[in-house]
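Survey of secondary and tertiary structure
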Amino acid sequence: MSVPPGSVVVPDWLKSPEGKEHLAAILRKNKRKVFGLMERPVLPPQVASDTASYKVFVSGKSGVGKTALVAKLAGLEVPSAHHETMGIQTTVVYWPAKQGESGRAVIFRLQFWDCGEAALRKFDHILPACREKADAILFLFSFTDRSSFDDLPAQISRVVGDAGSLIRIVVGTKFDQFMHADVTERDVAEFQRTWHLPVFRAQSAAGPRQVGRRTPDAGTGLWEVAPLLNGLAEHLWHQDQVAAGLIPAPLPSPKETGPC
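Residues numbered from 1 in each chain as written. Predicted model: local features only at pLDDT ≥ 70, side-chain atom pairs only at ≥ 80, totals over all residues. Heavy atoms only, no water.

In the nomenclature of an unreviewed UniProt entry, the chain is known as Ciliogenesis and planar polarity effector 2 of Alligator sinensis. Under the UniProt heading Subcellular location (unreviewed entry), the entry covering the chain gives this text: "Cytoplasm, Cytoskeleton, Cilium basal body". Under the UniProt heading Sequence similarities (unreviewed entry), the entry covering the chain gives this text: "Belongs to the small GTPase superfamily. Rab family." (UniProt positions renumbered as here; feature names shortened; annotations may be inferred.)

Structure (structure tokens):
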């Protein structure tokens, strides 16, 4: 089930005066803050917001850019070369967002779980550990690797299993390498028609620095990752509202669990 962009979270709220106050809580000297396990953003009393915590499992074939994507979402340095992730790596990302209907500002605490494909296949306990109490799964493919795209249906079936309530979002990495693309927009559109899942696009390299401009994300790449983080926040908050009975549950689509 795909939640329409902007239907739950105000897209450009972080550029407003109120949003900038929340944004300042996750920045230090114009760079993203790195938070420890026991740390969280500190806001002025007049703009204090609730924190909503979620676990997000990042799934995909080796080399599609799982670790690089998580690094970009966290504002960390993106690895210059591919190295297989050993075991499980967790990264916490704080993301302020404002709900459009209620006008309530919330800081989303997103704990991303990333593990290497080799470890996932070698040790039977890793997949259950990553999936346990997860709220969402990001399924990654690379626009430069056709096999990673073709593997999506099997990957979704293998990872989701019987956990039908998990939010499923697909992310295509290396979208900027269009000269080497093996996956077309027509392919992506056909996948969405069949699976009814949201598909986001991510670049492989760090976004360009806004030289000479006093923008809130100067050098942090915030606006490059904002669509995905806002989209993830929207789906998570929408699912919570459905679970709480505040809005009716959507009718399952014919392909909700995959092609017939």
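**Here we look at the side chain of Glu-234**
Here Glu-234 lies in helix 8 (residues 222–243). For Glu-234, which is buried and forms no salt bridge, the nearest opposite charge comes from Arg-201, at a distance of 13 Å. Among the polar contacts listed, one links the side chain of Glu-234 to the backbone nitrogen of Val-8, at a separation of 2.9 Å. For Glu-234, the side chain forms a polar contact with the main-chain nitrogen of Val-9, separated by 2.9 Å. (Helix = DSSP H or I, 4+ residues; strand = E, 2+ residues; numbered from the N terminus. Buried < 20%, exposed > 50% of the residue type's maximum accessible area, 1.4 Å probe, protein only. Lys, Arg positive; Asp, Glu negative; His and termini not counted. Salt bridge = Lys/Arg side-chain N within 4 Å of Asp/Glu carboxyl O. Polar contact = N/O pair within 3.5 Å; in protein donor to acceptor, adjacent residues only side chain to side chain.)

**Thoughts on helix 7 (residues 185–195)**
Along helix 7, the residues that are buried comprise Asp-187, Val-188, Phe-191, Thr-194 and Trp-195. Looking down the long axis of helix 7, one finds its buried residues gathered within 125° of arc, a one-sided arrangement. Projecting away from the buried face of helix 7 at angles above 90 degrees are the exposed residues Arg-186 and Arg-193. In the core, the buried residues of helix 7 are packed alongside strand 6 (136–142), helix 5 (146–150), helix 6 (152–160), strand 7 (167–173) and strand 8 (199–201). A positive backbone phi angle near 55° is found at His-196, which sits one or two residues after helix 7. (Arc of directions from axis to C-beta. Contact = heavy atoms within 4.5 Å.)

**Quick notes on unusual backbone geometry**
Although it is not a glycine, Lys-133 adopts a positive phi angle of roughly 60°. Of note, Lys-133 is situated in the loop between helix 4 (126–131) and strand 6. Its relative accessible area of 72% is what places Lys-133 among the exposed residues. Phi is positive for His-196, which is not a glycine, with a value near 55°. Structurally, His-196 is set in the loop between helix 7 and strand 8. Given a relative accessible area of 31%, His-196 falls into the partly exposed group.

**Describing the packing of helix 2 (residues 66–74) against helix 8**
Interhelical geometry of helix 2 versus helix 8 gives an angle of 100° and a closest axis separation of 9 Å. One way to sum up the angle between helix 2 and helix 8 is to call them roughly perpendicular. Side by side, helix 2 and helix 8 meet where Leu-69, Lys-72 and Leu-73 of the first sit next to Glu-224, Val-225, Leu-228 and Leu-229 of the second. Looking at the contact of helix 2 with helix 8 residue by residue, the classes come out as five nonpolar, no polar and two charged. (Axes fitted to C-alpha atoms, helices over the stretch in contact; angles between N-to-C directions. Parallel < 35°, antiparallel > 145°, perpendicular 65-115°, else oblique. Nonpolar A, V, L, I, M, F, W, Y, C, P; charged D, E, K, R; others polar.)

**A look at the side chain of Asp-187**
Its place among the elements puts Asp-187 in helix 7. A polar contact of 2.5 Å, which involves the side chain of Asp-187, links it to the side chain of Arg-146. If near-sequence neighbours (up to four positions away) are discounted, Asp-187 is found in contact with Arg-146, Phe-149 and Asp-182.

**A closer look at the sheet that holds strand 5 (residues 105–115)**
Neighbouring strands of a sheet are bound in pairs by backbone hydrogen bonds; such pairs are parallel or else antiparallel. Spatially, 4-5-3-6-7-8 is the arrangement adopted by the six strands of the open sheet, whose pairing is mixed. Edge positions in the open sheet fall to strand 4 (88–98) and strand 8, since each of these has one partner strand only. Across the sheet, the axes of successive neighbouring strands diverge by a mean angle of 30°, strand direction being ignored. As paired strands, strand 3 (residues 50–60) and strand 5 are joined by nine bridges and run parallel to one another. Paired with Thr-51 across the bridge in strand 5 is Ile-107. Running at roughly 150° to strand 8, helix 7 makes contact with strand 6, strand 7 and strand 8 of the sheet. The sheet contacts of helix 8 involve strand 3, strand 4, strand 5, strand 6, strand 7 and strand 8, and relative to strand 5 the element is tilted by about 100°. (Pairing = 2+ DSSP bridges.)

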